[in-house]
Amino acid sequence: MTPDINGHCDVAFSAVWEAFEANFAEGLELGARFSLVHEGELVVDLWAGHADKAQTRPFDARTLTMVYSTTKAVAATMIARLVEQGKLGFDQPVAEVWPEFAANGKGAITVAQVLSHQAGLPGFVDQMDPDLWFDPPAIAAKLAAMAPMWPPGSASGYHALTVGYLTAEIFRRVDGRSMGTALKADICDPAGLDLWIGLPDSEHDRTAEFKPPTALPAFGEVTDPKKAAFLTPWAAPNGRGPEWRRLEVPSANGHATAEALARFMGALAGDGDLDGVHILSPKVRDQARVQRIKGPDLVLPFVLSWGAGFMRNPPNMFFGPGVETFGHSGWGGSCAFADPEAKLAGAYVMNRQDIHLIGDPRSRRLINAAYESL
């Protein structure tokens with residue numbers, strides 16, 4: 001039985017409504033929301049289903065969803081804002097703002113190389129206590145002391161969790177505030193965005209409960225970088241409860257509504273402003289999304305093109321047909337994207353997770369329907 005669909009959808013985008021309804025009709029969803037911004041206007045904002053596995057709580061306009069790696073698109077924007085402010089450079093060595101990072105031959109690694117997963121620090125092969133992930137300063141110090149697992153700059157290898165600790169430390173060293181604090185004060189509060197890195201206890205009761213997938217993703221041949229990033233018992237913290245929600249991990253634990261993410265990305269697809277709040281200039285946005293490396297990723301089983309923290313749409317075209325489109329996907333299915341050519345941006349969140357690492361069929365159906373409606 002298809003649940004009631006709530007929200008609004010401009011008549012020109014009725015194909016998106018049909019695609020959203022089809023995802024539920026085919027039993028692919030528990031709760032979900034999809035929002036779309038075109039030329040600065042919110043043209044689609046749909047939600048349906050349940051926020052909990054027992055199906056006692058509706059997935060509504062206030063439901064917050066942890067968006068896992070989709071958080072990386074927000075983190076990339078926050079670092080790019082430092083570049084726009086003249087406080088940091090994409091090609092600047094990280095060690096210039098974080099001297100300890102130079103240890104073990106990492107002195108030449110640039111900010112852009114960290115953001116584009118070229119630093120060789122995807123995780124830790126040697127056994128450690130997984131509770132250490134709840135101590136960001138300790139993880140940052142461990143990464144600063146670590147030797148790269150491959151020659152930096154020679155390849156990308158997805159830094160699933162670690163890039164969040166790296167970017168958070170770079171941001172703190174340059175700005176003086178934590179990234180989540182700056183995001184809230186400078187963007188989310190003034191623009192009215194329900195988007196968080198570090199979720200206060202007052203908001204926990206409206207978070208969605210996840211239904212995990214029934215199988216693991218296919219990573220291909222097991223290698224040390226893949227083990228470090230995903231395939232050891234200590235590759236991630238145990239549990240995703242209140243303590244994890246409170247933390248600021250800009251690679252993995254952002255919480256948001258689809259509307260907030262879509263509006264945020266809509267500014268990046270347009271002139272860089274959102275309701276009078278400056279997000280990022282088109283000039284620096286273009287520096288952030290330009291290709292930094294392309295090739296077979298050493299962790300994810302894809303050929304990937306990376307900008308400075310953004311996943312570029314070619315060659316996989318997971319975010320529709322736009323060759324200039326950029327964004328990020330998150331574990332289980334969430335995603336957010338921006339297309340400066342079409343002036344289109346969108347976000348998909350859900351709480352029934354699937355095994356697709358990137359390019360979940362549910363979001364692809366919605367995004368393709370959006371482009372067909374233009």
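Report follows, based on the coordinates. As the structure is a computational prediction, the values presented were derived from the model and not from experiment.

For the structure on display, the rule yields twelve aromatic pairs. Measuring from ring centre to ring centre gives 5.8 Å for phenylalanine 124 and tryptophan 133, while their planes differ by 40°; the resulting arrangement is tilted. Owing to a relative accessible area of 1%, tryptophan 133 belongs among the buried residues under this scheme. Relative to phenylalanine 318, the ring of phenylalanine 302 lies with its centre 5.8 Å away and its plane at 85°, an arrangement referred to as edge-to-face. In this pair, phenylalanine 302 sits in the loop between strand E9 (293-296) and strand E10 (303-306) while phenylalanine 318 sits in the loop between strand E11 (311-312) and strand E12 (326-329), placing the two residues 16 residues apart along the sequence. For phenylalanine 318, a relative accessible area of 11% puts it in the buried group. Taken together, the aromatic side chains of Tyr158, Phe219, Phe230 and Trp306 make up a single cluster linked through ring pairs. Positioned above the aromatic ring of phenylalanine 101, the side-chain terminus of lysine 106 is 5.1 Å from the ring centre. Cation over ring: lysine 142 sits above phenylalanine 124, and NZ or CZ is 5.1 Å from the ring centre.

We now examine the pattern of salt bridges. This model, assessed by the stated rule, comprises 20 salt bridges. With a closest N to O distance of 3.9 Å, lysine 53 and glutamate 209 form a salt bridge. Linking lysine 53 in the loop between strand E3 (41-49) and strand E4 (65-66) with glutamate 209 in the loop between strand E5 (195-197) and helix H7 (224-229), this pair joins segments that are 156 residues apart in sequence. Among the residues examined, lysine 53 registers a relative accessible area of 45% and is labelled partly exposed. Using a relative accessible area of 33% as the deciding quantity, one classes glutamate 209 as partly exposed. Between arginine 173 and glutamate 169 there is a salt bridge, and its shortest N-O distance comes to 2.8 Å. Remark: glutamate 169 and arginine 173 occur in helix H5 (residues 162-175); sequence separation between them is four residues, near one turn of the helix. With relative accessibility at 31%, the residue arginine 173 sits in the partly exposed group. On the accessibility criterion, glutamate 169 (10% relative accessible area) is buried. Members of the salt-bridge network, linked through shared partners, are Glu100, Glu169, Arg172 and Arg173.

A word on the sheet that holds E4. Read across the open sheet, the three strands follow the order E4-E6-E5; overall the sheet is antiparallel. Of all the strands in the sheet, just E4 and E5 have a single pairing partner and so form its edges. Bridge count between E5 and strand E6 (residues 254-256): three bridges; the pairing is antiparallel. What sits directly across from tryptophan 196, in E6, is histidine 255.

This part is about helix H4 (residues 136-145). Listing the buried residues of H4 in full gives Ile139, Ala140, Leu143 and Ala144. The buried residues of H4 occupy one face: seen down the axis, they fall within an arc of 135°. Where H4 is buried, its residues meet H5.

Residue proline 315 follows proline 314 across a cis peptide bond; omega there is 5°. Checked against the element boundaries, proline 315 lands in the loop between E11 and E12.

Time to look at the side chain of threonine 65. Relative to the elements of secondary structure, threonine 65 occurs in strand E4. In contact with threonine 65, other than residues within four places in its own chain, are Phe59, Ala208, Phe210, Gly254, His255, Ala256, Val349 and Met350.

Our next topic: the nonpolar core. With 123 residues, the main nonpolar core has Leu195 and Phe264 as its most contacted residues. Excluding residues that lie within four positions of it along the chain, phenylalanine 264 makes contacts with Ala73, Val74, Thr77, Leu183, Ile187, Leu193, Leu195, Leu274 and Ile279.

Packing of helix H1 (residues 14-25) against helix H11 (residues 361-372) leaves a shortest axis separation of 8 Å and a crossing angle of 165°. Considering their axes alone, H1 and H11 lie roughly antiparallel with respect to each other. As for how H1 packs across H11, the hand of that crossing is right-handed. Residues Ala15, Val16, Ala19, Phe20, Ala22 and Asn23 of H1 form the contact with H11, whose own contacting residues are Arg362, Arg365, Leu366, Ala369 and Ala370.

Two cysteines joined by a covalent bond between their sulfur atoms form a disulfide. Enumeration over the complete set of coordinates arrives at zero disulfides. We note that cysteine 9 lacks a disulfide partner, and the nearest cysteine sulfur, in cysteine 335, lies 17 Å from it. Between cysteine 188, a cysteine without a disulfide, and cysteine 335, which holds the nearest cysteine sulfur, the sulfur-to-sulfur distance is 19 Å.

Definitions and limits used
Residues numbered from 1 in each chain as written. Predicted model: local features only at pLDDT ≥ 70, side-chain atom pairs only at ≥ 80, totals over all residues. Heavy atoms only, no water. Phe/Tyr/Trp six-rings, centres within 6.5 Å; stacked < 30°, edge-to-face > 60°. Buried < 20%, exposed > 50% of the residue type's maximum accessible area, 1.4 Å probe, protein only. Helix = DSSP H or I, 4+ residues; strand = E, 2+ residues; numbered from the N terminus. Lys NZ or Arg CZ within 6 Å of the ring centre and 35° of its normal. Salt bridge = Lys/Arg side-chain N within 4 Å of Asp/Glu carboxyl O. Pairing = 2+ DSSP bridges. Arc of directions from axis to C-beta. Contact = heavy atoms within 4.5 Å. Core = buried A, V, L, I, M, F, W, Y, C linked by side-chain atoms within 4.5 Å. Axes fitted to C-alpha atoms, helices over the stretch in contact; angles between N-to-C directions. Parallel < 35°, antiparallel > 145°, perpendicular 65-115°, else oblique. Left-handed = near helix turned anticlockwise from the far one by under 90°. Disulfide = S-S within 2.5 Å.

Distances and angles like these do not, on their own, reveal function.
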